[in-house]
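# What the coordinates show
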Amino acid sequence: EITQAFELEIQPDDELAISVASKDVQLIQRFNNNTLIGGGSVSGMTGTTTANTTSRVAYFIVDKKGDIEFPIFGTINTRGKTCKQLAAELQKRFIEGNYILDAVVQVRVMSFKVTVLGDVKNPGTKNFQGERLTLLEAIGMAGDMNNTAHRQNVLVVREIGDERVTYNVDIRDPKSVFDSPAYYLQQNDIVYVQPNKSVRVR
């Protein structure tokens, strides 16, 4: 039975893709921002038209406080929010402020990456398109463990606020895997698979 209801939370330094859709292209034109918070330029505003609906996608970098600078609305705090929650908040502001009454907003994290190190076939940093990446999937993306890997003590390192938290997972034990807070990985997690003592470099 799946008991964890996981949704990825937005973190500082995330790159967010926020799209605003409306049947009236003129209404969404004002939300065409040209700068990223913290410097740099938008990596391309794009417009697409499907079923008489036009959408524009802008990219924002979340600062260390969890804020983004959104056109017209100004500073918006994203800390602790999921993409769905931020999208709902923006959509509500568009409608209640009479900016875009038929606004449809979508938010995606574009910078989801994890690093898998140690006794795996292809260690390194892995980029992931999506919002739900499990520990087992990350190990699979690294080519799976080598035969010499220590499966009893896989280490996951995660930054939470100003702290660095570690989790130890026994891949052989389903309860240890599926009940672990590290089963669903988060942005910038580090997974370290220890080699067996007999093959460790001294």
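Residues numbered from 1 in each chain as written. Predicted model: local features only at pLDDT ≥ 70, side-chain atom pairs only at ≥ 80, totals over all residues. Heavy atoms only, no water.

### Some details on the overall build of the protein
- Summing up its helical and strand segments, the protein has 4 helices and 13 strands in all.
- Residues classed as buried in the protein amount to 42% of the 202 residues present.
- Once local pairs closer than 6 in sequence are excluded, the contacts in the protein between residues at least 24 apart make up 61%.
- Accessible area of the protein: about 11,300 Å², with a carbon and sulfur share of 48%. (Helix = DSSP H or I, 4+ residues; strand = E, 2+ residues; numbered from the N terminus. Buried < 20%, exposed > 50% of the residue type's maximum accessible area, 1.4 Å probe, protein only. Contact = heavy atoms within 4.5 Å. Areas by Shrake-Rupley, 256 points an atom, 1.4 Å probe, with all protein chains shown as cover.)

### Comments concerning the sheet that holds strand E8 (residues 124-127)
- Across the sheet, which stays open at both edges, the 5 strands sit in the order E8-E7-E13-E10-E11 with mixed pairing between neighbours. At either margin of the open sheet sits one strand with a lone partner, and together these are E8 and strand E11 (163-169). Across this sheet, the average inter-strand angle for adjacent strands is 20°, counted without regard to direction.
- Alignment of strand E7 (residues 113-118) against E8, held across 4 bridges, turns out to be antiparallel. Within the sheet, the bridge partner assigned to Thr115 lies in E8 and is Thr125. (Pairing = 2+ DSSP bridges. Axes fitted to C-alpha atoms, helices over the stretch in contact; angles between N-to-C directions.)

### Focus: the confidence of the model for the protein
- The share of residues in the protein with pLDDT of 70 or more is 83%, and the mean pLDDT across the chain is 83.
- Taken together, the stretch residues 33-53 has pLDDT below 50 and engages in 42 contacts with residues farther than four places along the chain or on a different chain. (pLDDT = per-residue confidence, 0-100.)

### Structural notes on the pairing of strand E6 (residues 104-109)
- In E6, alternate side chains face the same way, and those of Val105, Val107 and Val109 are buried while those of Val104, Gln106 and Arg108 on the opposite face are not.
- Across 6 bridges, the pairing between strand E1 (residues 15-22) and E6 is antiparallel. Note that in E6 the partner of Val20 across the bridge is Val105.

### What to know about the environment of Gly80
- Of note, Gly80 is situated in the loop between strand E5 (74-77) and helix H2 (83-96).
- Along the sequence, Gly80 and Glu9 sit 71 residues apart, while their C-alpha atoms lie 5.7 Å from each other.
- In contact with Gly80, not counting residues within four places along its chain, are Glu9, Ile10 and Gln85.

### Digging into the nonpolar core
- Leu16, Ile18, Ile68, Phe70, Leu90, Phe94 and Leu185 are the most contacted members of the largest nonpolar core, which has 48 residues in total.
- Counting residues per element, this core draws most heavily on H2, which supplies 5 residues.
- Apart from residues no more than four positions distant in its own chain, Leu90 is found in contact with Ile18, Phe70, Phe73, Ile76 and Val105. (Core = buried A, V, L, I, M, F, W, Y, C linked by side-chain atoms within 4.5 Å.)

### Concerning unusual backbone geometry
- One non-glycine residue, Asn98, adopts positive backbone phi at about 60°.
- Of note in the backbone geometry, Asp144 takes a positive phi value of approximately 75° without being a glycine.
- Among the structural elements, Asp144 can be located in the loop between helix H3 (135-141) and strand E10 (149-160).
- Classification of Asp144 as partly exposed rests on a relative accessible area of 42%.

### Some thoughts on the pattern of salt bridges
- If you walk through the whole model with that rule in mind, you get 7 salt bridges.
- In this structure, Asp13 and Lys64 form a salt bridge, with 2.6 Å as the shortest nitrogen-oxygen distance. Of this pair, Asp13 sits in the segment before E1 while Lys64 sits in the loop between strand E3 (53-61) and strand E4 (67-70); the two residues are 51 residues apart in sequence, bridging distant segments of the chain.
- Between Asp189 and Arg158 there is a salt bridge; the shortest N-O distance is 2.7 Å. Linking Asp189 in the loop between strand E12 (184-185) and strand E13 (190-195) with Arg158 in strand E10, this pair joins segments that are 31 residues apart in sequence.
- Note on Asp189: relative accessible area 1%, which makes it buried.
- Classification of Arg158 as buried rests on a relative accessible area of 3%.
- Through salt bridges with shared partners, a single network forms among Lys81, Glu89 and Arg93. (Salt bridge = Lys/Arg side-chain N within 4 Å of Asp/Glu carboxyl O.)

### Brief notes about the environment of Ile72
- Mapping Ile72 onto the fold places it in the loop between E4 and E5.
- By relative accessible area, which is 46% here, Ile72 ends up partly exposed.
- For the pair Ile72 and Tyr99, spaced 27 residues apart in sequence, the C-alpha separation works out to 9.9 Å.
- Residues in contact with Ile72, not counting those within four places in the same chain, are Arg30, Phe31 and Tyr99.

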